[in-house]
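# Coordinates in review
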Amino acid sequence: MPSRFASFIIAAAFLATPPAAMALQQASALAPKMTEVPLYGDAPIPNSKPVADTETGAQKGWIQNVSRPALQIYLPSPAKATGTSVLIIPGGGYAGLTFDYEGVQQAHYFIDHGIAAFVLKYRLPSDATMEDKSIGPLQDAQQGLRYIRLNASSWNLDPARVGVVGFSAGGHLASTLATHFQKAYAPNPENVNLRPDFQVLVYPVISMDAKITHMGSRTALLGASPSDAQIEAFSSDRNVTTATPPALILHAADDQLVDLDNSLAYLESLRHAGVPVEARIFSKGQHGFPLLPRSTWQGAIMDWITANGWLSPRKP
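Only a predicted model underlies this, so the values are computations on that prediction, with no experimental measurement involved. Position numbers for residues count from 1 along each chain, tracking the sequence in the order it is written. With the structure being a predicted model, the display of local features is reserved for residues of pLDDT at least 70 and the display and counting of side-chain atom pairs for 80 or more, all residues being used for whole-chain, interface and lining totals. Heavy atoms throughout the structure, all of them, feed into the side-chain values; hydrogens and water do not.

Looking now at the environment of Glu-232. Numbering of helices and strands runs from the N terminus, with a helix taken as a DSSP run of H or I at least four residues long and a strand as a DSSP run of E at least two residues long. As for its placement among the helices and strands, Glu-232 is situated in helix H7 (residues 228–233). Along the backbone, Glu-232 and Ala-43 are 189 residues apart, and their C-alpha atoms lie at a distance of 32 Å. What makes two residues a contact is simply this: any of their non-hydrogen atoms within 4.5 Å. Sequence-distant contacts of Glu-232, that is, excluding residues within four places in its chain, are made with Arg-238 and Asn-239.

Written out as structure tokens, the structure reads:
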């Protein structure tokens, strides 16, 4: 226990701290409140039909019928901020968004570790709301990354340390973003770099091949009878190049919803292309990891990000 004299010194120092300085210290320890912005601002939503907004489920954490994409912005406290950021893409089989568990809750985890998090509420594929439903989600993912980089300086973020984190069908979208960055599918007049600096895929859908895909996701995105060209274009394992960003893949071997073969196919493609990749295959965990302590798989993500230096400024 501290002596009475030491306690007196501490108390005196506390009382001597100017109120303004104390307020500044307290503010630096608090994360700013979340803000939500329209993904395209005041500009028209590309590839969109003029229809009524029928979105539902925001209060329940399971959002459906998204036709007005948005971005939720979660910033860490200034005291913890590292300058790194992630675009978080929730899953839901392209039929809905598991927005609370795979979006909001994960954002809070990242900001607690000093990483800014941007949760993407992307358009769900629909012939009623889009001219080409297959590219709508990719357009929104590219716009999310573009938005972060365009505004990085205002949040003291490093535009060269922006990763993407995707869950389930959101993992498919994240891997599509990571393999289709050379072409802008939405307006990009500033020619912003659309390549994520790293990718984290959690129990992801990867392939559109009927032998291993999650058929619900495939049908929602590409329709009941996709062409061979569509299957090829939207199977991320078939679109890996040497420029594909480094990847961490997490999956459970007992996943009965999205077959582990999706992750294994992507792992092999990345490995053969010489792309740095790490995979954590859990023997039990099922889809969504309900059988795993969160610290097990979330900790694996932070360990990987830290070990690869993404929390430190990158060399030119």
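Don't stop here, the text continues.
This paragraph deals with the nonpolar core. Judged by nonpolar contacts, the single largest core of 82 residues is most densely connected at Phe-110 and Phe-118. For this core, the element with the most residues is helix H9 (residues 294–307), which contributes six residues. With near-sequence residues (within four places) excluded, Phe-110 lies in contact with Val-86, Ile-88, Ile-115, Ala-117, Val-165, Ile-301, Met-302 and Ile-305. Among buried residues, the Ala, Val, Leu, Ile, Met, Phe, Trp, Tyr and Cys ones that are joined through side-chain atoms within 4.5 Å form a nonpolar core. Whether a residue is buried, partly exposed or exposed follows from its accessible area with a 1.4 Å probe, protein chains only, as a fraction of its type maximum: under 20%, in between, or over 50%, in that order.

Right, let's talk about the pattern of salt bridges for a bit. A pair is scored as a salt bridge if a Lys or Arg side-chain nitrogen falls within 4 Å of a carboxyl oxygen belonging to Asp or Glu. Evaluation of the coordinates by the stated rule reveals 13 salt bridges. With a shortest N-O distance of 3.1 Å, Glu-55 and Lys-121 are connected by a salt bridge. Here Glu-55, found in the loop between strand E1 (35–38) and strand E2 (62–63), pairs with Lys-121, found in strand E6 (residues 116–121); they are 66 residues apart in sequence, far enough to count as distant. Glu-268 is the partner of Arg-271 in a salt bridge, and the nearest nitrogen-oxygen pair spans 2.9 Å. Taken together, the residues span about one helical turn, with Arg-271 and Glu-268 both in helix H8 (residues 261–272) at a distance of three residues. Relative accessible area serves as the criterion here: at 32%, Glu-268 is assigned to the partly exposed category. Here the residues in one salt-bridge network are Asp-209, Lys-211, Glu-232 and Arg-238, joined through shared partners.

Take the environment of Phe-118 next. As for its placement among the helices and strands, Phe-118 is situated in strand E6. Linking Phe-118 and Met-208, residues 90 residues apart in sequence, is a C-alpha distance of 27 Å. Not counting residues within four places of it along the chain, the set of residues in contact with Phe-118 comprises Leu-71, Gln-72, Ile-73, Leu-75, Ser-85, Val-86, Leu-87, Ile-88, Ile-148, Trp-155 and Leu-157.

In this structure, Asn-47 is a non-glycine residue whose phi angle is positive, near 60°. Looking at the secondary structure, you find Asn-47 in the loop between E1 and E2. Judged by relative accessible area, which is 16%, Asn-47 ranks as buried. Phi is positive for Phe-289, close to 55°, though the residue is something other than glycine.

Our next topic: the packing of aromatic side chains. The criterion for an aromatic pair is that two Phe, Tyr or Trp rings (for Trp, the six-membered ring) have centres within 6.5 Å, with stacked assigned to planes under 30 degrees apart, edge-to-face to planes over 60 apart and tilted to the rest. Scanning the entire structure with this criterion turns up eleven aromatic pairs. Relative to Phe-110, the ring of Tyr-109 has its centre 5.9 Å away and its plane inclined at 80°; by these criteria the two rings are edge-to-face. In this structure, Tyr-109 and Phe-110 share a single accessibility class: buried. Their ring planes at 40° and their centres at 5.0 Å tell us that Phe-198 and Trp-310 sit as a pair that is tilted. Here Trp-310 lies in the segment after H9 and Phe-198 lies in strand E8 (residues 198–202), a separation of 112 residues in the sequence.

Attention now moves to the packing of helix H3 (residues 100–112) against H9. Orientation is described by axes fitted as lines to C-alpha atoms, over the contacting stretch for helices, and by angles from 0 to 180 degrees between their N-to-C directions. Packing of H3 against H9 leaves a shortest axis separation of 12 Å and a crossing angle of 60°. When the axes of H3 and H9 are compared, the pair comes out oblique. Two packed elements cross with a definite hand, and for H3 against H9 that hand is right-handed. Residues Tyr-101, Gln-105, Gln-106, Tyr-109 and Phe-110 of H3 touch H9, and the partners they reach there are Arg-294, Trp-297, Gln-298, Gly-299, Ile-301, Met-302 and Ile-305. Working definition: roughly parallel below 35 degrees, roughly antiparallel above 145 degrees, roughly perpendicular at 65 to 115 degrees, and oblique for all remaining angles. Each crossing gets its hand from how the near helix is turned against the far one by less than a right angle, where anticlockwise is left-handed and clockwise is right-handed.

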